[in-house]
Number of protein chains: 4
Amino acid sequence: MARSRTPTALRRTPQQERSRAMVERIIAAGQRVLLRDGYEKASTNRVAEEAGISPGSLYQYFPGKESILAAVVDRYSAELSTRLTAVLADRLDERGPALVRSTLDGLLDALEENVEFLRLVVQELPRSRQGSRTADLEQRIGDLVAAYLAINRSQTRGAEPATSAWIVVRLVEHLTVQYVLERPSISRATFVDEMTAMIVAYVGPPDATRTRAPS
Amino acid sequence: MARSRTPTALRRTPQQERSRAMVERIIAAGQRVLLRDGYEKASTNRVAEEAGISPGSLYQYFPGKESILAAVVDRYSAELSTRLTAVLADRLDERGPALVRSTLDGLLDALEENVEFLRLVVQELPRSRQGSRTADLEQRIGDLVAAYLAINRSQTRGAEPATSAWIVVRLVEHLTVQYVLERPSISRATFVDEMTAMIVAYVGPPDATRTRAPS
Amino acid sequence: MARSRTPTALRRTPQQERSRAMVERIIAAGQRVLLRDGYEKASTNRVAEEAGISPGSLYQYFPGKESILAAVVDRYSAELSTRLTAVLADRLDERGPALVRSTLDGLLDALEENVEFLRLVVQELPRSRQGSRTADLEQRIGDLVAAYLAINRSQTRGAEPATSAWIVVRLVEHLTVQYVLERPSISRATFVDEMTAMIVAYVGPPDATRTRAPS
Amino acid sequence: MARSRTPTALRRTPQQERSRAMVERIIAAGQRVLLRDGYEKASTNRVAEEAGISPGSLYQYFPGKESILAAVVDRYSAELSTRLTAVLADRLDERGPALVRSTLDGLLDALEENVEFLRLVVQELPRSRQGSRTADLEQRIGDLVAAYLAINRSQTRGAEPATSAWIVVRLVEHLTVQYVLERPSISRATFVDEMTAMIVAYVGPPDATRTRAPS
DNA sequence: AATGAATGAGTGTTCATTCAT
DNA sequence: GATGAATGAACACTCATTCAT
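First, a word on scope: everything that follows refers to the structure included in this document. (Residues numbered from 1 in each chain as written. Chains lettered and ligands numbered in written order. Predicted model: local features only at pLDDT ≥ 70, side-chain atom pairs only at ≥ 80, totals over all residues. Heavy atoms only, no water.)

Some thoughts on the protein's contact with DNA strand E
In the region of DNA strand E, 30 residues are neighbours, and A:T44, B:Y61, C:S57, C:Y61 and D:Y59 sit closest. Among the atoms of DNA strand E close to the protein, meaning within 4 Å, 58% are from sugar or phosphate groups. In the environment of DNA strand E, a base nitrogen lies 3.3 Å from a nitrogen or oxygen atom belonging to the side chain of C:Q60. Within the backbone of D:T44, one N or O atom sits 2.8 Å away from a phosphate oxygen of DNA strand E. Secondary-structure elements contributing two or more residues to the surface near DNA strand E are helix 2 (44-51) and helix 3 (55-61) of chain A, helix 3 (55-61) of chain B, helix 3 (55-61) of chain C together with helix 2 (44-51) and helix 3 (55-61) of chain D. (Near = heavy atom within 4 Å. Polar contact = N/O pair within 3.5 Å; in protein donor to acceptor, adjacent residues only side chain to side chain. Helix = DSSP H or I, 4+ residues; strand = E, 2+ residues; numbered from the N terminus.)

See the structure below:
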């Protein structure tokens, strides 16, 4: 019972290492099965077989089927998040349209990395099986955008930063995903231009000195 | 005995009436089961039990499980579509911000009519089970918006009407649905204001200097 | 209730005529369904549909599924029997090898008339579904053969006519059927020659004056 | 714990033993169900119940219903084949009538071992469910008989050995089976006498004047 | 007589989960 | 820890038969 909680800071015991490796193996197998067989045919037995372990062993690492699939989606979300963060890391000094443009570009890059699985998650999986990571992410990014807006945007428009942030986050998320999945006959450059124009027009130009079109 | 032979084309025989009633009963039962038990647990046997008929009888009216659930979703989509059409019918002469505002209002009204089932469809059902109704509607409305933009909007911005229409349709659809489902702490009035502002700013205000096509 | 039993000898009432016609229609439909869908898929509902009547009406003419299929097989057996009788009718004066040969020829002709259905009956249908006609026929023909043997054959061999008849009837029946169904690489002429030789050798030449090979 | 790793190739692990036992148990249950309920009523659920296991367990050992029933029939065919082979093994030096007689006797013994199941297979099961074992056996025995005839029989008759073999094999098979199943009022001794006489007369007695291949 | 909607027990099969080893 | 045989309720669907009309 008195299992020490990571005794020396970040070090893990060999058992924990092995356990983590096994969890990863199961998640990877789960993703392969989902891609190969689709959601309806993805059974625990198939995941176990794909992972090269026995069905019983699954339950040493996960409490049930749902949590396995949720972990698969969560890992994907985490990958997306990581990729996006990496891309944006060296654009931290940008502001206004350039920042928006960079964000859109990074997001599209990240989403295009694994379109097949993105399609699976968005179109095949019931939202209720998608873990909490996406919602968390929306929340966190929403907070960041709100903070940014509170600091940077012009004072001519009256909405709460939180309101604009809520709208912008969902707008960006959904439209980029749909663009990648639907591939409408719009070039990526045009899509980014349009989205940037829309967002900039909506949240207002960052520079208060800039003249706005008379309402 | 003297069963009339449907002299005027549109009259229905009693059997047809009974059949229609049964179809309705099954669809209603399917909707209740979906709401009560969720998509994964919605089985033909449960639908039959909920409808108060035997499992075999289902197959007199539907070819299989998929078609039953599809009919449930289709009926809901048809209701949505009907309500929206009705609301917008007497606003056909509006232009610009007023038209946008009316559309948003109508859409929100329609979506709020049955939030519970909207949540089910959007969050529980895999997109692939949602029938073609939604996609059809998106397409049709997209065409309408593109046509409107081609005629009405100012020439100051360069994007193709089809491009703007694609973006605006998905934006409006997703954000209104999410607003109704998430109920963020944004008043409906504010939400409509913000959306209207965003869309008008994006597609560009109708150019007052440009001659409008006579209504 | 006091329905007259064919009042004037062979005449039938109109109802009885209609009934007989319906029975025939159902049997014909049953045969088509068996040929089209196979035994395992041949359901009463399909037979009714094929006959152009409602499933319920089947039970006005037959007590159940089994009896329908039995009637189909029986009608086929009756056809076989009729054809065989017709072929043999003008050979009644023959004796010995010529009679055997004629019988084999006639039987092969009759069996080849509808090989598809013969295959179905012999290979797909459980024997227990084959009605009693075949067994009856075997019995009757066996009796005839026994009578023939009792009168015609040489007295040098000692078996009971009934014994030889039992053997010969089954031998002829099974081998001709198998020949038609398996189509081994044996010409029909050779097959008939061989069968004739075997039977004649077995039951003994009809003419006592003929020299037999020393045992 | 120290589970031996099957050092010598032919040893089986306990799991394999258990698996074999389970397969046997299912086959035996299948046979009992077939005998008790008949082919049409023999369902996987009944077999499972009779075997004292759950329906799901069936599918750990067999891929489906057909293969279970096929295994039942195959096991019976294998038993028949084994018994027949054993009986004939010590008669290999016989020729002519004695060989025919031994074969018939051995065949009748083998068939009489389990008349109940023989009846089931022959009369209840559609031929198409009888596996390939019977057809294989027919083919193999046919080849043997043809070879025997090619070497041993007199040259007085002209048919191809393959032709005579085809006829004799089917004749012997069908008549012995029918004798056992129908039990006509013919003593077994008489039946064997008659059959022997017929076959010997047909294929021709071994020509005593002809030099035999040295055994 | 004829209908055909309704039945409901039944089918073969799957699969998340358990537990003795 | 790991196994994998065993489970058994559940699934989608069928069909011989009935019976109110």
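So that's the structure; there's more coming.
Section: the packing of helix 4 (residues 65-89) of chain A against helix 6 (residues 115-124) of chain A
Describing two packed helices takes the angle between their axes plus the distance from one axis to the other. Residue and element names in this part refer to chain A. At a closest axis distance of 12 Å, the pairing of helix 4 and helix 6 adopts a crossing angle of 125 degrees. What the angle tells us is that helix 4 and helix 6 run oblique. Crossing geometry of helix 4 relative to helix 6 is assigned as left-handed. The segment helix 4 lies against helix 6, with V72, V73 and Y76 engaging F117, L118 and V121. (Axes fitted to C-alpha atoms, helices over the stretch in contact; angles between N-to-C directions. Parallel < 35°, antiparallel > 145°, perpendicular 65-115°, else oblique. Left-handed = near helix turned anticlockwise from the far one by under 90°. Contact = heavy atoms within 4.5 Å.)

Observations concerning the pattern of salt bridges
For the coordinates displayed, the defined rule picks out 64 salt bridges over all chains. In this structure, A:R188 engages A:E112 in a salt bridge whose closest nitrogen and oxygen atoms are separated by 2.9 Å. Note that A:R188 is positioned in helix 9 (residues 188-203) and A:E112 in helix 5 (residues 96-112), a separation of 76 residues in sequence. Judged by its relative accessible area of 23%, A:R188 is partly exposed. By relative accessible area, A:E112 is classed as partly exposed at 24%. When the shortest N-O distance is used, the salt bridge between B:D109 and B:R188 registers 3.0 Å. (Salt bridge = Lys/Arg side-chain N within 4 Å of Asp/Glu carboxyl O. Buried < 20%, exposed > 50% of the residue type's maximum accessible area, 1.4 Å probe, protein only.)

Focus on the interface of chain D and chain C
Contacts between the two partners involve 32 residues from chain D and, on the opposite side, 33 residues from chain C. At the boundary of chain D with chain C, total buried surface from both sides reaches about 3,000 Å², with 63% on carbon and sulfur atoms. Contact with chain C buries area across many residues of chain D, yet D:R127, D:W166 and D:E194 alone supply 22% of it, more than any other trio. Counting across the interface, chain D meets chain C through two salt bridges. C:E182 serves as the salt-bridge partner of D:R170, at 2.9 Å between the closest nitrogen and oxygen. Here the side of chain D that touches chain C takes eleven residues from helix 8 (residues 161-182) of chain D, the largest share from any one element. (Buried area = accessible area lost by both parts, 1.4 Å probe.)

Some remarks on helix 7 (residues 133-152) of chain D
For helix 7 of chain D, with 20 residues, the first-to-last C-alpha span of 28 Å sits near the 28 Å given by 1.5 Å per residue. Against the buried residues of helix 7 of chain D lie helix 8 (161-182) of chain C together with helix 8 and helix 9 (188-203) of chain D. (Expected span 1.5 Å × (residues − 1).)

Looking at the interface of chain A and chain B
Every contact between the two is made by 32 residues of chain A and, on the other side, 32 residues of chain B. Counting the surface lost from both chain A and chain B, the interface buries some 3,000 Å², and carbon and sulfur atoms represent 63% of this. If you sort the residues of chain A by the area they bury against chain B, A:R127, A:W166 and A:E194 come out on top, with a joint share of 22%. Remark: the boundary between chain A and chain B carries two salt bridges. Contributions of two or more residues to the side of chain A that touches chain B are made by helix 6, helix 8 (161-182) and helix 9 of chain A. A total of eleven residues in the side of chain A that touches chain B trace back to one element, the largest contributor, which is helix 8 of chain A. For the side of chain A that touches chain B, the per-class residue count stands at 16 nonpolar, seven polar and nine charged. (Nonpolar A, V, L, I, M, F, W, Y, C, P; charged D, E, K, R; others polar.)

Some words on the protein's contact with DNA strand F
Neighbouring residues of DNA strand F: 31 residues in total, closest A:S57, A:Y61, B:K65, C:T44 and D:Y61. Close to the protein, within 4 Å, the atoms of DNA strand F belong to sugar or phosphate groups at a rate of 58%. Side-chain polar atom of B:S43 to a phosphate oxygen of DNA strand F: 3.1 Å apart, as the coordinates give it. Within the side chain of D:S57, one N or O atom sits 2.8 Å away from a phosphate oxygen of DNA strand F. Taken together, the residues of the surface near DNA strand F break down into ten nonpolar, 18 polar and three charged.

Regarding the relation of the copies chain A and chain B
The two copies are related by a screw motion: chain A maps onto chain B through a turn of 177 degrees and a shift of 0.1 Å along the axis, at an RMSD of 0.8 Å. Both copies are brought into coincidence by an operation consistent with a two-fold rotation axis. Same-surface contact between copies: 100% of interface residues of chain A are shared with the interface of chain B. (Least-squares fit on C-alpha atoms with pLDDT ≥ 70 in both.)

A word on the relation of the copies chain D and chain C
Once chain D is rotated about the relating axis by 177 degrees and shifted along it by 0.1 Å, it coincides with chain C to within an RMSD of 0.8 Å. Interface overlap between copies: 100% of the residues of chain D at the interface are likewise at the interface in chain C, consistent with a symmetric, same-surface contact.

Some details on the environment of A:V122
Relative to the helices and strands, A:V122 is located in helix 6. The spacing of A:V122 and A:L181 is 59 residues in sequence and 9.1 Å in space, taken between C-alpha atoms. What A:V122 contacts, discounting residues up to four positions off in sequence, is A:R127, A:V177, A:Q178, A:L181 and B:R127.

Remarks on the packing of aromatic side chains
By the definition in use, this model includes 16 aromatic pairs over all chains. Taken together, a centroid distance of 6.2 Å and an interplanar angle of 80 degrees make the contact between A:W166 and B:F191 edge-to-face. Of this pair, A:W166 sits in helix 8 while B:F191 sits in helix 9 (residues 188-203), each in a different chain. An identical accessibility class is assigned to A:W166 and B:F191; each is buried. Relative to B:F117, the ring of B:Y76 has its centre 5.0 Å away and its plane inclined at 70 degrees; by these criteria the two rings are edge-to-face. In this pair, B:Y76 is assigned in helix 4 (residues 65-89) and B:F117 in helix 6 (residues 115-124), connecting sequence segments 41 residues apart. (Phe/Tyr/Trp six-rings, centres within 6.5 Å; stacked < 30°, edge-to-face > 60°.)

These values are about where atoms sit, not about what they do.
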